[in-house]
Amino acid sequence: MSGSRCRTLCLALVAALGLNTAIAATAAPPALAAPQIFAPGIVSGPANDEAPTFSPDGNTLLFTRSGAGGGSIMESHRVDGHWSAPVMASFSGAWPDLAPEFSPDGKYVVYVSIHRIDTTPAHNQVGLWRVDREGSDGWSKPRRLPDAVNISDAVWKASMTRDGSIYFLSIDPGKGKRLYVSHYAHGAYQPAQPLPFSHYGDNDVDPEIAPDGSYMVFASDHRLPGDSKDHLFIVFRQGDGWGTPQAIRYAGDDAPGFSTDYLPHLGPDQHALYFTSDRSMPVAHYPHTPAQAAEYLQRIEQWDNGNLNAWSVSLTPLLEAHSHAG
C-alpha cells in the first residue's frame, strides 16, 4: 500500500520542504527517536520485507517477503535470544499473501490473501483469511472471514482488539479507501461500520489498534498537504469516540528524500512500533576508507538496497505525553 517514490533530488527536496511545513503547522505529538532497522540480514533482507507481527510471548514472528510476482508469509522463532532463519509459513504460498496479524491472545492469525476468481470477467478478490494456532508450531487450514468483514473485493490489513473486534481497510468501488470496524458480539462479527475520523479522500490505510482499543496507528498518503507518500499517524480514543489523528514525528523525518512509512505493527509490550519503510541508513562521507567501503557493500548485500524493510521505533514518549495530558 505504499505511495509513489520520488527518485530525483529536486523533487525530494521540494517534497521534504512541503512535509516539514505541513508538520510544523499541525499540533504534533512529541518527536520520537530515529527508527532502527529490525533484524538486518534475517528479517530485513535483500527482498521486500515488511514489518513483523509478534505472538504475545514475543517468541514467534510472521512477516511478508515479496518480489515482483507477489508475496509469501514467513515465520521465524526466537532461539537463544536470536531470530531463526525465516521459513515460509505452512499456510502460505498457494496465493499471494501479506500483512499477517496475531490476535491479542495469540490463538489465531488474520492475514490478507489475493485470490483469482474465475467469474466473467475474472478478477482478483483481496480479502481477510484466518488460521488458528495448533500446538506450539502448527497452523490450521485457512478459512475466509465472513462477509460482515469482507465487505468488498479489496479488504486489506486487519488488527484486532481483545474483545474480538476487527479493524481493517476497505477500498470501496467508486469511492476510495476507508477504515472500518466490525465488532464481535454474540459469537459473530457484526456489520462493519466506518471509523468516524476516516473519510474517503483521506487515503487512510493499515490500521493497527492497541489490544485495549485505547489508540490506533495507521498510515495515509493524503493527510499531509503537498505530499503523496504514506506516513504514520496516531489517534487516541476519547470516550465512546475518537480524537483527531496526529502525524507521528521522528528524528530525521524532514530530511531530503524522506521515506514511505506504512504497515504498522505493535510489539508485545505495546510500546515498540514496527513498520515497513523504504528508508535507508546514512552513508559515510566519501571518500571511503577500505573498511567503510567493505561495510557499505556488506550492508547493501544484506538489506540496504532500496527495497522495503522492517524498522522499529519506541512510542513511549508519545504515549506518556498523551497520558499526562489526559
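Anyway, here's the lowdown on the structure attached to this text. (Residues numbered from 1 in each chain as written. Predicted model: local features only at pLDDT ≥ 70, side-chain atom pairs only at ≥ 80, totals over all residues. Heavy atoms only, no water.)

Observations concerning the overall build of the protein chain
Secondary structure assignment for the protein chain yields three helices and 26 strands. By residue count, 51% of the 326 residues in the protein chain fall in the buried class. Considering only contacts in the protein chain between residues 6 or more positions apart, those separated by 24 or more positions represent 51%. If you sum the accessible surface of the protein chain, you get close to 14800 Å²; carbon and sulfur atoms cover 55% of it. (Helix = DSSP H or I, 4+ residues; strand = E, 2+ residues; numbered from the N terminus. Buried < 20%, exposed > 50% of the residue type's maximum accessible area, 1.4 Å probe, protein only. Contact = heavy atoms within 4.5 Å. Areas by Shrake-Rupley, 256 points an atom, 1.4 Å probe, with all protein chains shown as cover.)

Here we look at the nonpolar core
In this structure, Leu128, Ile166, Phe168, Tyr215, Met216, Ile248 and Leu315 are the most contacted members of the largest nonpolar core, which totals 58 residues. Look past the residues within four positions of methionine 216 in its chain and what remains in contact with it is Tyr167, Leu179, Leu195, Phe197, Pro207, Glu208, Ile209, Phe233, Ile234, Val235 and Trp242. By size, the runner-up hydrophobic cluster in this structure holds twelve residues, among which are Phe38, Phe54, Phe63 and Tyr274. (Core = buried A, V, L, I, M, F, W, Y, C linked by side-chain atoms within 4.5 Å.)

Re the sheet that holds strand 18 (residues 193-194)
Strand order in the open sheet formed by four strands is 13-14-15-18, with antiparallel pairing between adjacent strands. Strand pairing shows two members of the sheet lacking a second neighbour, strand 13 (155-160) and strand 18, which therefore form its edges. Pairing of strand 13 with strand 14 (residues 166-172) involves five bridges; the strand directions are antiparallel. In the sheet register, alanine 158 faces strand 14, and the bridge partner there is phenylalanine 168. (Pairing = 2+ DSSP bridges.)

Remarks on the pattern of salt bridges
One pass over the structure, following the stated rule, counts ten salt bridges. One salt bridge connects glutamate 208 with lysine 157, and the closest N-O pair in it is separated by 2.5 Å. With glutamate 208 in strand 19 (residues 204-209) and lysine 157 in strand 13, this pair connects stretches of sequence that are 51 residues apart. Classification of glutamate 208 as buried rests on a relative accessible area of 3%. Measuring nitrogen to oxygen at the nearest pair gives 3.2 Å for the salt bridge that ties aspartate 202 to arginine 223. (Salt bridge = Lys/Arg side-chain N within 4 Å of Asp/Glu carboxyl O.)

Focus on the side chain of serine 152
By the element assignment, serine 152 lies in the loop between strand 12 (143-144) and strand 13. A distance of 3.1 Å separates a polar side-chain atom of serine 152 from the backbone nitrogen of alanine 154. Sequence-distant contacts of serine 152, that is, excluding residues within four places in its chain, are made with Val126, Ser170, Ile171, Asp172 and Pro173. (Polar contact = N/O pair within 3.5 Å; in protein donor to acceptor, adjacent residues only side chain to side chain.)

Re the pairing of strand 9 (residues 108-117)
When you tally the buried positions in strand 9, you get eight out of ten residues, the bulk of the element. Pairing geometry for strand 8 (residues 97-102) and strand 9, over four bridges, is antiparallel. Across the sheet, phenylalanine 102 pairs through a bridge with valine 109, a residue of strand 9. A loop of five residues connects strand 8 with strand 9, the two strands running antiparallel in sequence, and glycine 106 in this loop sits at a positive phi of about 75°. Both strand 9 and strand 10 (residues 123-134) contribute to a ladder of ten bridges, which runs antiparallel. Residue pairing across strands places isoleucine 114 opposite valine 126, the latter belonging to strand 10.

Let's talk about the pairing of strand 20 (residues 215-220)
Of all six residues in strand 20, six are buried, a share of seventy percent or more. Of the two faces of strand 20, the one holding Tyr215, Val217 and Ala219 and the one holding Met216, Phe218 and Ser220 are both buried throughout. The loop that links strand 19 with its antiparallel partner strand 20 comprises five residues; one of these, glycine 213, has a positive phi angle of about 75°. Looking at chain direction, strand 20 and strand 21 (residues 231-238) are connected through six bridges and run antiparallel. Bridge pairing links tyrosine 215 to phenylalanine 236 in strand 21.

A few points about the environment of serine 92
As for its position among the elements, serine 92 is in the loop between strand 7 (87-88) and strand 8. Along the chain, serine 92 and proline 142 lie 50 residues apart, while their C-alpha atoms are 8.9 Å from each other. Leaving out residues up to four positions away in the same chain, serine 92 has contacts with Ser72, Ile73 and Asp97.

Considerations on unusual backbone geometry
Between tyrosine 286 and proline 287 the backbone carries a cis peptide bond, its omega angle lying at 0°. Secondary-structure assignment places proline 287 in the loop between strand 25 (272-277) and helix 2 (290-302). Of note in the backbone geometry, asparagine 203 takes a positive phi value of approximately 60° without being a glycine. By secondary structure assignment, the location of asparagine 203 is in the loop between strand 18 and strand 19.

Bear in mind that shape data such as this cannot, by itself, settle questions of function.
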